[in-house]
Amino acid sequence: MWGGHKMGSSGSRFLGGLRSGFRGAQACCPRLTTSQAVYSKNQLSWTLRIKPRVFGEYRIMWFKSRSMTFAYLSKMKSYRLPWTRLYCTSQTTVDSSEVKTFLALAHRWWDEEGVYAPLHSMNDLRVPFIRDNLLKTIVNHQPGKPLSGMKILDVGCGGGLLTEPLGRLGASVTGIDPVDENIKTAQHHKSFDPVLDKRIEYRACSLEEIVEETAETFDAVIASEVVEHVIDLETFIQCCCQVLKPGGSLFITTINKTQLSYALGIVFAEQIAGIVPKGTHTWEKFVSPEKLESILESNGLSVLTVAGMVYNPFSGYWHWSENTSLNYAAHAVKSSVQEHVVPAEFALKGETEELRAEASHNSGVREELKR
């Protein structure tokens, strides 16, 4: 998360020394370990999405997993086992040390010249980025309220710097943040605008706490300058996916994990120029676009856009860039394909019987299964 002021002369000298390097730089539930066994001769093909638990009497695989997929005779069926928990509520992604950092700054969110000035300025990029991509999914929109009818979740909303502009565009926005003082600041600020007071709801909680009650509720989820502060990125992304409707959009802005981001984002911005309070960022938590895309796709999200963002500490403004070696924005869309919940007896017994019958027509497949 960026916050701070414009830099002084010592920062200017440091930035000059790194400018040439920048021009050349371009850069609930942990993810399950997958295991695949595929048999095919135009008769039977099946893919196991997780390692088998045990073998039954007829060497049929039984599982302790959250889902499995069978594909045979050009048909695809996907099942989520009904007795397994679908949500990430068993562990938290909130870092308590991060909470302490932002608690100390909770009263400064709406000071446009203060510690959060870069986040105010970032709205010039991120608000149109979110709006324009969401408008591609709306056939007819109201002038002045283009996002009317859309439900948006702003995760790690802080004092509401991004939540309020989205509300003004007509969306119904829920802002959540684990820091109670941040939520109090956000609620106080929105109370001055009766329209926003009706469109925006704030809650002091983590994402994991609301996953179960808000599953597949939101048209869009925003995690702007948040993922570099969580302690379990894969669980966080999975929870974001779970609260999205099929076909919904996830928007992320964050910091790339490069040598340049360490030099500028931590050494320069925090320790030399004072653009960001010391201790705001931990370089080890930064994530590259490639790793983020891999995590998103493993959770059923297709990445449509990744764009670089650059902050000019002299002017205090952001601009888009093809270079993603520092900050970047990503837009991903959740698959609209639904998994069908079926009784356990059908999923495990009925389907294995059908698979066994199909396999009996092919001795080669039968021999592979026996092994």
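Here the structure is a predicted model, which is why all the values come from computation and not from measurement.

## Remarks on the overall build of the protein chain
Line of reasoning, step 1. Along the protein chain, the regular secondary structure elements total 12 helices and 13 strands.
Line of reasoning, step 2. In the protein chain, which comprises 371 residues, the share counted as buried stands at 52%.
Line of reasoning, step 3. As presented, the protein chain carries roughly 17700 Å² of accessible surface, and 52% of it is formed by carbon and sulfur atoms.

## A closer look at the packing of aromatic side chains
Line of reasoning, step 1. Across all of its chains, the model carries 5 aromatic pairs by this definition.
Line of reasoning, step 2. Cluster of aromatic residues (ring-pair linked, three or more members): Phe129, Phe251 and Trp320.
Line of reasoning, step 3. Just above the ring of Phe218 sits the side chain of Lys151; from NZ or CZ to the centre is 5.9 Å.

## A look at the nonpolar core
Line of reasoning, step 1. Counting residues in hydrophobic clusters, the biggest one holds 44 residues, and the most contacted among them are Tyr116, Leu134, Leu147, Ile152 and Leu166.
Line of reasoning, step 2. Where this core is concerned, the elements lending two or more residues are helix H3 (117-135), helix H5 (180-190), strand S8 (200-204), strand S9 (218-224), helix H9 (259-272) and strand S11 (301-312).
Line of reasoning, step 3. Ignoring sequence-local partners within four residues, the contact set of Leu166 consists of Ile130, Leu147, Ile152, Ala171, Val173 and Ile222.

## Quick word on the side chain of Asn123
Line of reasoning, step 1. On the secondary structure map, Asn123 appears in helix H3.
Line of reasoning, step 2. Judged by relative accessible area, which is 13%, Asn123 ranks as buried.
Line of reasoning, step 3. Contact partners of Asn123, with chain neighbours within four places excluded, come to Pro128, Leu161, Leu162 and Pro165.

## So, the sheet that holds S8
Line of reasoning, step 1. On the basis of which strands lie adjacent, the open sheet formed by 8 strands has the order S8-S7-S6-S9-S10-S13-S11-S12 and mixed pairing. Edge positions in the sheet fall to S8 and strand S12 (317-321), since each has one partner strand and no second. Taken pair by pair, the neighbouring strands of this sheet meet at an average axis angle of 20 degrees, ignoring direction.
Line of reasoning, step 2. Strand direction decides the pairing type here: S11 and strand S13 (residues 327-334), joined by 8 bridges, are antiparallel. Looking across to S13, one finds that Met309 is bridged to Asn327.
Line of reasoning, step 3. Contacts between helix H8 (residues 233-243) and the sheet are confined to strand S6 (151-155), S9, strand S10 (244-255), S11 and S13, with S10 contributing the most and set at about 145 degrees to the helix.

## As for H8
Line of reasoning, step 1. With 10 of 11 residues buried, H8 is to be regarded as a mostly interior element.
Line of reasoning, step 2. Along H8, the residues classified as buried are Leu233, Thr235, Phe236, Ile237, Gln238, Cys239, Cys240, Cys241, Gln242 and Val243.

## Topic: the pairing of S12
Line of reasoning, step 1. Bridge count for S11 against S12 is 5 bridges, and the pairing is antiparallel. Each bridged residue has a counterpart across the sheet, and for Met309 the counterpart in S12 is Trp320.
Line of reasoning, step 2. Following S11, the chain reverses through 4 residues before pairing antiparallel with S12; Gly316 in that reversal takes a positive phi of roughly 80 degrees.

## Things to note about the pattern of salt bridges
Line of reasoning, step 1. Under the counting rule described, the total for this entry stands at 8 salt bridges.
Line of reasoning, step 2. Close ionic contact of Glu181 with Lys184 constitutes a salt bridge, the shortest N to O distance being 3.4 Å. Of the two residues, Glu181 and Lys184 both sit in helix H5, 3 residues apart, roughly one turn of that helix.
Line of reasoning, step 3. With a relative accessible area of 33%, Glu181 lands in the partly exposed category.
Line of reasoning, step 4. The class for Lys184 is partly exposed, based on a relative accessible area of 45%.
Line of reasoning, step 5. Across the salt bridge formed by Lys334 and Glu216, the nearest N and O atoms sit 3.6 Å from each other. Here the residue Lys334 occupies a position in strand S13, and Glu216 occupies one in the loop between helix H7 (207-210) and S9, the gap between them amounting to 118 residues.

## Describing the UniProt feature "binding site: S-adenosyl-L-methionine" (unreviewed entry) in the protein chain
Line of reasoning, step 1. Following the UniProt record, one finds the feature "binding site: S-adenosyl-L-methionine" (unreviewed entry) at Arg126, Gly156, Asp177 and Ser224.
Line of reasoning, step 2. Along the chain, the position of Gly156 falls in the loop between S6 and helix H4 (163-168).
Line of reasoning, step 3. Aside from chain neighbours lying at most four places away, what touches Gly156 is Ile176, Asp177 and Val226.
Line of reasoning, step 4. Positionally, Ser224 belongs in strand S9.

## Considering the packing of H8 against helix H10 (residues 289-298)
Line of reasoning, step 1. H10 packs onto H8 with a crossing angle of 50 degrees between their chain directions and a minimal axis gap of 9 Å. Relative to H10, H8 is oriented oblique. Pair H8 / H10 crosses with right-handed handedness. Contacts between H8 and H10 involve Leu233, Glu234 and Ile237 on the former and, on the latter, Leu292, Ile295 and Leu296.
Line of reasoning, step 2. Partitioned by chemical class, the residues of the contact of H8 with H10 number 5 nonpolar, no polar and 1 charged.

Each value, and the rule that gives it
Residues numbered from 1 in each chain as written. Predicted model: local features only at pLDDT ≥ 70, side-chain atom pairs only at ≥ 80, totals over all residues. Heavy atoms only, no water. Helix = DSSP H or I, 4+ residues; strand = E, 2+ residues; numbered from the N terminus. Buried < 20%, exposed > 50% of the residue type's maximum accessible area, 1.4 Å probe, protein only. Areas by Shrake-Rupley, 256 points an atom, 1.4 Å probe, with all protein chains shown as cover. Phe/Tyr/Trp six-rings, centres within 6.5 Å; stacked < 30°, edge-to-face > 60°. Lys NZ or Arg CZ within 6 Å of the ring centre and 35° of its normal. Core = buried A, V, L, I, M, F, W, Y, C linked by side-chain atoms within 4.5 Å. Contact = heavy atoms within 4.5 Å. Pairing = 2+ DSSP bridges. Axes fitted to C-alpha atoms, helices over the stretch in contact; angles between N-to-C directions. Salt bridge = Lys/Arg side-chain N within 4 Å of Asp/Glu carboxyl O. UniProt positions renumbered as here; feature names shortened; annotations may be inferred. Parallel < 35°, antiparallel > 145°, perpendicular 65-115°, else oblique. Left-handed = near helix turned anticlockwise from the far one by under 90°. Nonpolar A, V, L, I, M, F, W, Y, C, P; charged D, E, K, R; others polar.

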